[in-house]
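Close look at the chain arrangement
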Amino acid sequence: MDTYKFYYDESEHSRKINYNTVTAPNYYDNFVTVVVGWSKEKEKEVFKKYEEFENKYADRKDRNGELKSTTLKQKKFECGFASLDKTNTQFIMDFLSIFDESTKLYFSVASKIEYLVLQLFIGYQNNFIIDADAVKYSITKALVAYRPQNVIKSIYDNPEEFVEELKRFFRERIECNRSNMSLKEQENEAFENILYILDDISAIPELQWDYRMPFSGFAKYLREEQIKNYALILDKEGEQNEASRTIQAACEMGLSNVTEENSKDSCGLRMADMMAGIISKLLKALCDELHYHSIAEGTEKKLLSTKWFQLNEAQLNLYKKLYKIICKWDNAWYKSYAGIYSDDLVCFIGLLGYMAHFENAEQLVNEELEMQGEYFNGYVCQQLSDYFNRRRSKLPIDLIDKGDEEYFLNRRGAKVYFDITKQPILQIAEGSQMEMVLSVGMDKSGIPLITISNDGNPICYRLPEELSDWALMAVGMANMGENLFPSQVVFTKKKNRYFADIL
């Protein structure tokens, strides 16, 4: 089994979240982390390519002798890759050319304002009545998009006034939106729903950045890729002889063999830094272009300007190369990771996909250049809609280890056959019987399945087809956040009719 080496770095990190942080001119809401990696046997080859890249651009190293992503200035990304000059275009292409299909890449995009919202609404959980995730998403999106200063200021200066300021903001926004209901009808509906549940928010806790989310996603990525032998190297922060909060968070998320190094001594860390810088600068440019900068803009549609699409061939090839690295190569579900609010991430991936579908730069101009912003908006809106529909599902994602050709183990540890006809059927005798039900589900063809504890051993059975509606109801409630199991269930068979009652 291969051993892998992984290197972690971050961008747009606010060491402390306070009012000055979130109102600073250069503030960006998303905290971006990147992990790059490869098999241990391939590392020497990768480092050789990267050292050649650094030697080519030795004149761009900083005063510490490092080539860092800070050599790429944010203003150069004002219109994405379209505003890059020839030198920076070649620089980024040379860097991206180090990556190939065998390179591992994981990245996360975490909203800082979402983290605040999660703390404020920590008592709200999904249930059959309220989709708490949707509420938290809508509030985060509103605060990120409109940046209401009175609300944000109250979080830090007058936390006891926060809820009232939040209510006041939503009421004012609803009234303002009435001037363009064709565009803002759904937003107003979401804001009106939020107002109904803002009556019992607890006091605001002390707010500190939580480092665990990026590592939670990376742990899921490792499990999906079935990588068990690995080393994870972090960019050293803080005092030399003390463990940083970053490494503590990594260990809390179950990661092992984690160490810290100075980026000056590690090509891998400098590669992670460069990729994090490129991703975050594109994300930030998209955010600046598409988010509202004044109250008056709040009722208008925001589109990318035509300048974003005035690409030459080299700039378009940059999008295509980054699209391959992020969306095509090493295509894993957990390759990218975000929280409840992930509009910027979806928009970023949408931009790569949209640009990559053009055969050449001339096609962009020929297909109504002045309409490209509108076309892209429609494309990304569909991407966001699809993503939000997936987010509505509260059912966990289980990764199936297909090491065995016949079956896999479900979340409860029960054997589930790929050929569902091999699954035993739950035998229900005439009369009633009680079972400890651990979980209920459906296979891909809609056959109801149930996992039962049999003397402490989990066993998965097919249910009689007559109980399909009952199983579908249980799955539907779990999908809305109301998990009914484990529970005792009484199964009854009476004159060839089947019933199930949860105790």
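These notes cover the structure that comes with them. (Residues numbered from 1 in each chain as written. Predicted model: local features only at pLDDT ≥ 70, side-chain atom pairs only at ≥ 80, totals over all residues. Heavy atoms only, no water.)

Concerning the overall build of the protein chain
What counts, and what does not: Each helix corresponds to a stretch of at least 4 residues labelled H or I by DSSP, and each strand to a stretch of at least 2 residues labelled E; elements are numbered beginning at the N terminus. Accessible area is worked out with a 1.4 Å probe on protein chains only. A residue is then buried under 20% of its type maximum, exposed over 50%, and partly exposed in between. Pairs of residues are marked as contacts when any of their non-hydrogen atoms sit within 4.5 Å. Exposure was quantified through the Shrake-Rupley algorithm and a 1.4 Å probe, taking into account, for residues, occlusion by the shown protein chains and nothing else.
Across its full length, the protein chain holds 16 helices and 14 strands. Going through the 503 residues of the protein chain one by one, you find that 51% of them count as buried. Expressed as a percentage of contacts within the protein chain between residues at least 6 apart in sequence, the contacts between residues at least 24 apart total 73%. Accessible area of the protein chain: about 25100 Å², with a carbon and sulfur share of 47%.

A word on the environment of Glu192
On the secondary structure map, Glu192 appears in helix 8 (residues 181–196). Given a relative accessible area of 33%, Glu192 falls into the partly exposed group. Spatially, the C-alpha atom of Glu192 lies 8.1 Å from that of Arg171, the residues being 21 residues apart in sequence. The contacts of Glu192, once residues within four sequence positions are left out, are Ile174 and Arg178.

Concerning the sheet that holds strand 12 (residues 457–462)
Condition: A pair of strands is considered paired only if DSSP assigns at least 2 bridges between the two. Note on definitions: angles span 0 to 180 degrees between N-to-C directions of axes, and those axes are lines fitted to C-alpha atoms, for helices only across the stretch in contact.
Taken together, the 5 strands give an open sheet; going across it, the order is 12-11-10-13-14, and neighbouring strands pair in antiparallel fashion. In the strand order of this sheet, the two ends are held by strand 12 and strand 14 (497–502), each with one partner. Direction aside, the axes of adjacent strands within the sheet are offset by 40° on average.

Structural notes on the sheet that holds strand 4 (residues 104–111)
In spatial order, the strands read 6-5-1-2-4-7; together these 6 strands make up an open sheet with mixed pairing. Each of the sheet's edge strands pairs with one partner strand only, and the pair in question is strand 6 (258–261) and strand 7 (336–338). For this sheet the average axis-to-axis angle between neighbouring strands, irrespective of direction, equals 20°. Alignment of strand 2 (residues 30–39) against strand 4, held across 8 bridges, turns out to be antiparallel. The partner of Val35 across the bridge, within strand 4, is Tyr106. Against the sheet, helix 4 (residues 112–120) contacts strand 2 and strand 4, and its axis sits at roughly 60° relative to strand 4.

What to know about helix 2 (residues 43–56)
Cut-off, in case you're wondering: What a helix should span is 1.5 Å times the count of its residues minus one. Directions are taken from the helix axis to each C-beta atom, and the arc is the one they span.
Compared with an ideal rise of 1.5 Å per residue, which puts 14 residues at 20 Å, helix 2 spans 20 Å between its outermost C-alpha atoms and is within 8% of the ideal. Of the positions making up helix 2, those classed as buried are Glu43, Val46, Phe47, Tyr50, Phe53 and Glu54. Here the buried residues of helix 2 occupy an arc of 115° about the axis, which is enough to place them on one side. Facing away from the buried side of helix 2, by more than 90 degrees, are the exposed residues Lys44, Lys48, Asn55 and Lys56. Each element contacted by the buried residues of helix 2 is listed here: strand 1 (4–11), strand 2, helix 3 (86–96) and helix 11 (267–290).

So, the environment of Ser97
Inspection of the secondary structure assignment puts Ser97 in the loop between helix 3 and strand 4. It is 9.7 Å that separates the C-alpha atoms of Ser97 and Ile325, two residues lying 228 residues apart in sequence.

Quick word on unusual backbone geometry
The step from Phe485 to Pro486 runs through a cis peptide bond, and the omega angle for that step is 10°. For Arg147, which is not glycine, the phi dihedral falls at a positive 45°. With respect to the helices and strands, the residue Arg147 is situated in the loop between helix 5 (132–146) and helix 6 (149–157). Residue Arg147 is classed as partly exposed on the basis of its relative accessible area of 26%.

Some words on the side chain of Asn177
Heads up, the condition is: The term polar contact refers here to a pair of N or O atoms within 3.5 Å; inside protein, the definition further demands a hydrogen-donor-capable atom paired with an acceptor-capable atom, and it admits residues adjacent in sequence only when both atoms are side-chain atoms.
In this structure, Asn177 sits in helix 7 (residues 162–177). Given the relative accessible area of 0%, Asn177 is considered buried. Side-chain polar atoms of Asn177 contact the side chain of Asn188, separated by 2.9 Å.

A look at the pairing of strand 13 (residues 487–494)
The two faces of a sheet get side chains in turn, since along a regular strand they alternate between them. Looking at chain direction, strand 10 (residues 431–442) and strand 13 are connected through 7 bridges and run antiparallel. Of the residues in strand 13, the one forming a bridge with Gln433 is Phe491. Note: strand 13 against strand 14, 6 bridges, orientation antiparallel. Each bridged residue has a counterpart across the sheet, and for Val490 the counterpart in strand 14 is Asp501. In sequence, strand 13 turns back onto strand 14 through a hairpin of 2 residues, with Lys495 there showing a positive phi of about 55°.

Thoughts on the packing of aromatic side chains
What counts is decided by this rule: Two aromatic rings from Phe, Tyr or Trp, using only the six-membered ring of Trp, form a pair when their centres are within 6.5 Å; if the ring planes differ by under 30 degrees the pair is stacked, by over 60 it is edge-to-face, and anything between is tilted.
One pass over the full model with this rule turns up 34 aromatic pairs. Judged by centre distance (4.8 Å) and plane angle (80°), the ring pair of Tyr57 and Phe91 falls under edge-to-face. Placement of Tyr57 in the loop between helix 2 and strand 3 (78–81) and of Phe91 in helix 3 is noted, with a sequence separation of 34 residues between them. By relative accessible area, which is 8% here, Tyr57 ends up buried. By relative accessible area, Phe91 is classed as buried at 0%. Ring geometry for Tyr354 versus Tyr379: centroids 5.6 Å apart, planes at 55°, classification tilted. Separated by 25 residues along the polypeptide, Tyr354 in helix 13 (residues 343–356) and Tyr379 in helix 15 (residues 372–392) bring together distant segments of the chain. Members of the aromatic cluster, connected to one another through ring pairs, are Tyr50, Phe53, Tyr57, Phe91, Phe95 and Phe99.

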